[in-house]
Amino acid sequence: MPRHLRSLKDVNAAELDRILTLAREVKKSPERFTQKLAGKSIAMIFSKPSTRTRVSFEVGIHQLGAQAMFLPTGGTTGLQTGRGETPHDTAQVMSRFVHAVVIRTFAQDEVEQLAEHGRIPIINALTDMFHPCQALADVMTMREQFGDDLRGRKLVFVGPGNNVTHSLMLAGSRAGFDVVCACPESLPPSHVVLERAKADAQKAGTKVYIEHDPRKAVKGASVIYTDTWVSMGQEAEAEALKAKLAAYTVDDELMAAAAPDCVFMHCLPAHRGEEVTASVMDGPRSIVFDEAENRMHAQKALLLLLLEAEPWC
Ligand code: CP
Ligand code: NVA
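First things first, this report covers the structure right here in the doc. (Residues numbered from 1 in each chain as written. Chains lettered and ligands numbered in written order. Predicted model: local features only at pLDDT ≥ 70, side-chain atom pairs only at ≥ 80, totals over all residues. Heavy atoms only, no water.)

Examining helix α3 (residues 87-97)
Then, number 1: Buried within α3 are the following residues: Thr90, Ala91, Met94 and Ser95. Down the axis of α3, the buried set is contained in an arc of 130°. They therefore lie on one face. Those residues of α3 that are exposed and aimed more than 90 degrees away from the buried face are Arg96 and Phe97.
Then, number 2: Where the residues of α3 are buried, they touch β1 (41-46), β2 (67-72), β3 (100-104) and α4 (108-117). (Buried < 20%, exposed > 50% of the residue type's maximum accessible area, 1.4 Å probe, protein only. Helix = DSSP H or I, 4+ residues; strand = E, 2+ residues; numbered from the N terminus. Arc of directions from axis to C-beta. Contact = heavy atoms within 4.5 Å.)

Printed below as a string of structure tokens:
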């Protein structure tokens with residue numbers, strides 16, 4: 001049975017450590033891995049826009065010696081999924097041609113179905129529910145900043161409960177840090193994901209909780225993290241979301257209320273003047289572009305493991 005990354009529920013703490021240890025090796029010595037996926041083809045199905053995910057996967061796959069196929073689902077020349085071909089049939093067909101599928105879409109269920117009905121690894125490149133590849137790069141970046149032992153560190157996500165929040169909540173227990181969701185009462189994370197993240201955290205000895213007041217939440221934080229207030233697919237609700245989040249901008253005052261070594265992270269794309277001020281985004285504590293770069297290194301490591309070009313242990 002192939003392994004997948006449908007969400008971070010697919011990896012335990014030891015496996016996350018393995019992905020990120022390999023990612024560090026890949027980043028340090030990319031030349032050691034150039035032919036590891038020679039002869040392989042990887043489909044990239046995208047139903048939403050992307051800059052980082054698309055470019056980091058395409059370049060990363062090229063650097064591993066494989067072929068990346070960018071397959072948008074919209075427009076007149078998109079995949080047949082855009083005209084109603086089922087995930088079942090798409091999974092069957094893809095399994096006969098390619099060695100893995102990277103997919104960015106709306107419904108998490110589409111990712112689950114591709115995994116259920118295909119015979120190849122399926123990698124979630126963002127759904128409305130999860131963004132696990134982002135979380136891999138985020139933990140890699142935190143390790144670069146603070147060392148591999150993240151126990152006692154606190155990441156505070158300031159903004160709406162969303163796909164990025166969900167993946168960070170699951171990452172905390174697997175990587176050893178606490179996660180606080182500083183969200184308005186009207187924009188909480190998914191109850192189901194929160195309960196799962198709390199159960200995982202309890203077993204791991206970490207914490208996941210909601211604190212609606214961002215100033216209280218960031219006390220002692222090592223990372224303040226935010227994301228766009230309007231996720232892809234929510235454009236019609238943009239004004240209502242912005243009104244609900246008006247008190248949740250990450251600014252210099254909020255950064256000053258955190259730990260002295262606190263860094264600012266953002267999955268990007270950023271909207272200066274909305275979820276973050278320009279002075280924080282472009283300031284000395286911002287590590288957002290290291291974080292963006294690490295998308296590629298972490299995903300290369302993930303591909304090497306899922307395609308069995310490197311051992312899990
Ligand atoms: N962070 C992230 O996934 O960026 P893109 O939407 O540009 O891929
Ligand atoms: N929450 C955002 C993340 C973008 C990388 C979205 O889904 O649009």
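Side note on the environment of asparagine 162
Then, number 1: Counting through the fold element by element, asparagine 162 comes out in the loop between β5 (154-158) and α6 (163-175).
Then, number 2: When its relative accessible area of 7% is taken as the criterion, asparagine 162 is described as buried.
Then, number 3: Along the chain, asparagine 162 and proline 188 lie 26 residues apart, while their C-alpha atoms are 8.0 Å from each other.
Then, number 4: Other than its neighbours up to four places away in sequence, asparagine 162 contacts Phe157, Asp227, Thr228 and Ser231.
Then, number 5: A polar contact of 2.8 Å, which involves the side chain of asparagine 162, links it to the side chain of aspartate 227. (Polar contact = N/O pair within 3.5 Å; in protein donor to acceptor, adjacent residues only side chain to side chain.)

Structural notes on the site of ligand 2
Then, number 1: With respect to spatial proximity, the complete set of residues near ligand 2 consists of Leu126, Asn162, Asn163, Val164, Asp227, Thr228, Ser231, Met232 and Leu268.
Then, number 2: Note that an oxygen atom of ligand 2 is positioned 2.8 Å from one of the side-chain N or O atoms of asparagine 163.
Then, number 3: Protein chains shield 95% of the accessible area of ligand 2, which is 270 Å² for the free molecule.
Then, number 4: Residues that form the shell around ligand 2 fall into these classes: 4 nonpolar, 4 polar and 1 charged. (Near = heavy atom within 4 Å. Areas by Shrake-Rupley, 256 points an atom, 1.4 Å probe, with all protein chains shown as cover. Nonpolar A, V, L, I, M, F, W, Y, C, P; charged D, E, K, R; others polar.)

Re the side chain of arginine 174
Then, number 1: Along the polypeptide, arginine 174 turns up in helix α6.
Then, number 2: The buried category is assigned to arginine 174, whose relative accessible area is 10%.
Then, number 3: One polar contact links the side chain of arginine 174 to the main-chain carbonyl oxygen of leucine 8, over a distance of 3.0 Å.
Then, number 4: The contact partners of arginine 174, leaving out residues within four places of it in the chain, are Leu8, Lys9, Val11, Asn12, Ala13, Leu16, Arg196 and Asp200.

Focus on the pattern of salt bridges
Then, number 1: According to the stated counting rule, one finds 19 salt bridges in the structure shown.
Then, number 2: In this structure, the salt-bridge partner of glutamate 58 is arginine 54, at a minimum N-O distance of 3.0 Å. Taken together, the positions of glutamate 58 and arginine 54, both in helix α2 (residues 52-63) and 4 residues apart, correspond to about one turn of that helix.
Then, number 3: It is possible to trace a salt-bridge network through shared partners that takes in Asp17, Arg24, Arg143 and Asp148. (Salt bridge = Lys/Arg side-chain N within 4 Å of Asp/Glu carboxyl O.)

So, the environment of valine 158
Then, number 1: Turning to its location among the elements, valine 158 is positioned in strand β5.
Then, number 2: The spatial distance from the C-alpha of valine 158 to the C-alpha of serine 231 is 14 Å, given a sequence separation of 73 residues.
Then, number 3: Leave out the neighbours within four places in its chain, and valine 158 touches Ala182, Pro214, Val218, Ile224, Tyr225, Thr226, Tyr248, Val250 and Leu254.

Notes on the pairing of β1
Then, number 1: By the criterion of burial, β1 is predominantly enclosed, with 6 of the 6 residues buried.
Then, number 2: Residues of β1 alternate between two faces, with Ser41, Ala43 and Ile45 on one and Ile42, Met44 and Phe46 on the opposite face, all of them buried.
Then, number 3: Crossover connection from β1 via α2 to parallel β2: handedness right-handed. (Right-handed = clockwise from strand over helix to strand, strands pointing away.)

What to know about the packing of α6 against helix α7 (residues 191-204)
Then, number 1: Where α6 meets α7, the closest approach of the two axes is 8 Å, and the angle between their N-to-C directions is 15°. Between α6 and α7, the angle is such that the two are roughly parallel. Read as a crossing pair, α6 and α7 show a hand that is left-handed. Between α6 and α7, the contacting residues are His166, Met169, Leu170, Ser173 and Arg174 on the first element and Val193, Leu194, Arg196, Ala197, Asp200, Ala201 and Ala204 on the second.
Then, number 2: Its residues assigned to classes, the contact of α6 with α7 shows 7 nonpolar, 2 polar and 3 charged. (Axes fitted to C-alpha atoms, helices over the stretch in contact; angles between N-to-C directions. Parallel < 35°, antiparallel > 145°, perpendicular 65-115°, else oblique. Left-handed = near helix turned anticlockwise from the far one by under 90°.)

A closer look at the site of ligand 1
Then, number 1: Every residue lining ligand 1 is accounted for by Ser50, Thr51, Arg52, Thr53, Arg104, His131, Gln134, Cys267, Leu268 and Arg295.
Then, number 2: Within the contact set of ligand 1, an oxygen atom lies 2.8 Å away from a side-chain nitrogen or oxygen of arginine 104.
Then, number 3: Here a nitrogen atom of ligand 1 sits 2.8 Å away from a polar atom, N or O, in the main chain of cysteine 267.
Then, number 4: In the complex, 95% of the free accessible area of ligand 1, which totals 260 Å², lies under the protein chains.
Then, number 5: Of the residues assigned to the shell around ligand 1, the class counts are 2 nonpolar, 5 polar and 3 charged.

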